[in-house]
Amino acid sequence: MIDRRFPAAQSVLLRYHRVLAVPELALRLELADLERCSRGEGATTFALAGRGASEVIVCDESSRMFTGTYKALDACVSLALLRRAKVSRLVASSGGNLCAALAAYASQLGIEAFLFQPTRTLYKQRSDHFGAGVHLIAVDLPEPEVKQLARAFATRFGVAHVPDIRWRLAASAVRAMFVLETTADEIGAVDYLAQTVCAGFGPAGIYQCFAALRRQGLLRRSQVPRFLGFQQEANAPMVRAWQAGEPALAREHVRPEPSRYLEPGLYNTEPAREYARLAALLREVGGDMLALSDDDFGRHGAEVLAQMRAAGFEFSKLPGSDEVVEKTGLLTGVGLFKAIDDGRVAAGERALCMLTGGVRELAGSKPPTPVLTIDASRSEAEWLDELGRVFGLRAAE
């Protein structure tokens, strides 16, 4: 399963590409497809000073990823598949990280991309990732309408809507392989794998890979760590459903408060879709999901930053500010310290903190200018007409 020609710090996709051929994950991709698209999708690990009698190891999926978050994996897989299928245009929407990754990888391959993103997270982007043919479309509307517009655009103009859920799950299978190799050969076994959850594709993909390898007889149950998932309290539908013991997520669990978001890019307009999969995985392997409040962030945030700095990792800040650009990984550290203090991670247990974002240098780079800013002044149909006019697109037949 390991292609030792490629260091994990260079690209976990290249090192573990063979896992993508496991029957339950199978993607029609060759190594050559990934090599043409790869720009750097690496991961490393390092230890923190610790938290009481518990040990914390950081899985850094940020500083060696080309765009600073593990969404580089989604982008690389998506663009490799599109290129193989000779697709020349894509459309996507995100809170910022996926759009950043798709922009950078599409620019390299010359694939035209239409990327819809909320106006409130445009600060996450840098213009040098947006090459010719990559179009940023700002949306000053509630979060669900950002995704709805992207889908409507795809349907109206016959553009490929990405990424496919199967692609995202498969992309995280290589993360599972990195965890397995690292815990077997370098850092030793861990009791918990911890990650902040938005849509849940990342941990679902990791644990789906673990399950597939177990069914193939390639992995023992004892080698699979339990899962600790975190969501910000202002948008924590999965946590509410899990703590209520529900196997499915209902409308009463979804109560987003955007004005209170700790990380504005962490939103999911369709949480029910992946919750059932993730909840089933948690029941199988064990674990828990916790909500993180402003108080939790205030209590543990500075300590996480200090311990990360002492270990040699510095979170990127907004230019001229002490504000961390991408807080998802920081929130995982906050959640893990909270879980240790609350006794959910017991003395002597070891946890792997998945640092899915934290490094994104914005200083010296101008932010990209959106081609268009969509707001409530027109209907969806009118905006689609305007988009077609601006980009010279004809409605699909």
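Criteria and thresholds
- Within each chain, residues carry numbers counting from 1 in the order of the written sequence.
- Residues qualify for local features only when their pLDDT is at least 70, as the model is predicted, and side-chain atom pairs are given and counted only at 80 or more; totals for whole chains, interfaces and linings, by contrast, use all residues.
- The side-chain values count all of the structure's non-hydrogen atoms but skip hydrogen atoms and water molecules.
- Runs of H or I in DSSP of at least four residues are treated as helices and runs of E of at least two as strands, each being numbered from the N terminus.
- Each radius of gyration reported is based on C-alpha atoms, and the globular scaling rule is 2.2 Å times the count of residues to the power 0.38.
- A 1.4 Å probe rolled over the protein chains alone gives each residue an accessible area, and that area as a share of the maximum for its type sets the label: buried under 20%, exposed over 50%, partly exposed in between.
- In this description, contact between two residues means that some pair of their heavy atoms is separated by no more than 4.5 Å.
- The Shrake-Rupley method, run with a 1.4 Å probe, gives the accessible areas here. Residue values count only the displayed protein chains as cover.
- Think of it this way: Lys and Arg go in the positive column, Asp and Glu in the negative one, and His and the chain ends go nowhere.
- A charge is said to be at NZ when it belongs to Lys, at CZ for Arg, at CG for Asp and at CD for Glu.
- The term nonpolar core refers to a set of buried residues drawn from Ala, Val, Leu, Ile, Met, Phe, Trp, Tyr and Cys, joined through side-chain atoms within 4.5 Å.
- When DSSP finds two or more bridges between a pair of strands, those strands are recorded as paired.
- Lines fitted to C-alpha atoms define the axes, with helix axes restricted to the stretch in contact, and inter-axis angles between N-to-C directions lie between 0 and 180 degrees.
- Salt bridges are identified by distance alone: a Lys or Arg side-chain nitrogen within 4 Å of an Asp or Glu carboxyl oxygen.
- Helix span, as expected, comes to 1.5 Å for every residue beyond the first.

Asker: Explain the overall build of the protein chain here, please?
Answerer: Looking only at helices and strands, the protein chain has twelve helices and eleven strands in total. Over its C-alpha atoms the protein chain spans a radius of gyration of 20 Å, differing by no more than 12% from the 21 Å that the globule rule assigns to 397 residues. Each principal axis of the C-alpha atoms in the protein chain carries an extent, and together these give about 60 × 45 × 45 Å. Evaluated residue by residue, the protein chain yields a buried proportion of 59% over its 397 residues. Restricting to contacts in the protein chain with at least 6 residues of sequence separation, those with at least 24 account for 75%. As displayed, the protein chain offers around 15,700 Å² of accessible surface, 47% of which is attributable to carbon and sulfur atoms. Treating the 47 positive side-chain charges of the protein chain as one cloud and the 47 negative ones as another, the clouds have centres 5 Å apart.

Asker: How should I be thinking about the nonpolar core in this particular structure?
Answerer: A general trend in soluble globular proteins is that nonpolar side chains are found buried together. Among the nonpolar cores identified, the biggest contains 89 residues, and V19, L115, Y207 and F210 are the most heavily contacted of them. A total of eleven residues in this core trace back to one element, the largest contributor, which is helix 6 (residues 165–185). With near-sequence residues (within four places) excluded, L115 lies in contact with L90, A92, C99, L102, A103, F130, V134, H135, L136 and I137. In terms of nonpolar packing, the next biggest core, distinct from the first, is built from 28 residues, L266, M308, A339 and L355 among them.

Asker: In this structure, what is going on with the environment of A150? I would like to understand it.
Answerer: Locating A150 in the fold gives a position in helix 5 (residues 143–157). Put simply, A150 and A176 are 26 residues apart on the chain and 30 Å apart in space, counted from C-alpha to C-alpha. When near neighbours in sequence (up to four residues on either side) are disregarded, A150 contacts V91, A92, S93, F116 and H161.

Asker: Just checking my understanding: could you explain the sheet that holds strand 1 (residues 44–47) for this structure?
Answerer: Adjacent strands of a sheet pair through backbone hydrogen bonds, lying either parallel or antiparallel. If you trace the six strands from one edge of the open sheet to the other, you get 1-2-10-7-8-9, paired in mixed fashion. Lying at the two open borders of the sheet, with one neighbouring strand each, are strand 1 and strand 9 (287–292). Adjacent strand axes in the sheet meet at a mean angle of 25°, parallel and antiparallel pairs treated alike. In this sheet, strand 2 (residues 55–60) lies alongside strand 1 in antiparallel orientation, the contact comprising four bridges. Counted as the bridge partner of T44 is D60 from strand 2. Of the strands in this sheet, strand 8 (226–232) and strand 9 are in contact with helix 9 (residues 271–285), which crosses strand 9 at around 130°.

Asker: What is the right way to look at the pattern of salt bridges in this model?
Answerer: Any two side chains of opposite charge can pair if their charged atoms end up close together. Inspection of every chain in the model, using the stated rule, returns 32 salt bridges. Here R175 and E61 are joined by a salt bridge, their closest N and O atoms 2.6 Å apart. Of the two residues, R175 sits in helix 6 while E61 sits in the loop between strand 2 and helix 3 (71–84), which places them 114 residues apart along the sequence. One exposure class covers both R175 and E61, and it is buried. As a salt-bridge pair, R89 and E112 come within 2.9 Å of each other at their nearest N and O atoms. A residue pair is termed long-range when its members are at least 10 positions apart, and R89 in strand 3 (residues 89–93) and E112 in strand 4 (residues 112–118) qualify at 23 residues. Assessed through its relative accessible area of 32%, R89 is described here as partly exposed. A cluster of three or more residues bridged by salt bridges with shared partners is formed by D288, D296, R299, K338, D342 and R344.

Asker: Explanation requested: the sheet that holds strand 4 in the structure shown.
Answerer: In spatial order, the strands read 6-3-4-5-11; together these five strands make up an open sheet with parallel pairing. Either end of the sheet is taken by a strand with one partner, and the two such strands are strand 6 (160–161) and strand 11 (372–374). The pairing of strand 3 with strand 6 spans two bridges and is classified as parallel. Within strand 6, the position partnered with L90 by the bridge is A160. Packed onto the sheet, helix 4 (residues 97–109) meets strand 3, strand 4 and strand 5 (134–139) and runs at close to 165° relative to strand 4.

Asker: Which parts of the structure should I look at to understand unusual backbone geometry?
Answerer: Both trends apply: most residues other than glycine have a negative phi, and most peptide bonds are in trans. Here the bond from V162 into P163 is cis, since omega is -5°, no more than 30 degrees from zero. Not every positive phi belongs to a glycine, and K86 is a case in point at roughly 60°. Tracing the backbone shows K86 in the loop between helix 3 and strand 3. Look at K86 and you get exposed, because its relative accessible area is 74%.

Asker: Explanation requested: helix 7 (residues 201–215) in the structure shown.
Answerer: Every α-helical turn comprises 3.6 residues, leaving residues that sit three or four positions apart pointing alike. Between its first and last C-alpha atoms helix 7 spans 21 Å; for 15 residues at 1.5 Å apiece the expected length is 21 Å, and the two agree. The element helix 7 is extensively covered by neighbouring structure, given that 13 of its 15 residues are classed as buried. With its phi angle positive at about 75°, G217 sits one or two positions after the end of helix 7.

Asker: I tried to follow the environment of V254 on my own but got confused; where do I start?
Answerer: Of note, V254 is situated in the loop between helix 8 (237–243) and helix 9. Separated by 14 residues in the primary sequence, V254 and R240 place their C-alpha atoms 8.5 Å from one another. Beyond its immediate chain neighbours, meaning those up to four positions away, V254 contacts P237, L249 and P271.

Asker: Explanation requested: the environment of A32 in the structure shown.
Answerer: Its location among the elements puts A32 in helix 2 (residues 31–37). Residues A32 and L14 lie 18 residues apart in sequence; the distance between their C-alpha atoms is 9.5 Å.

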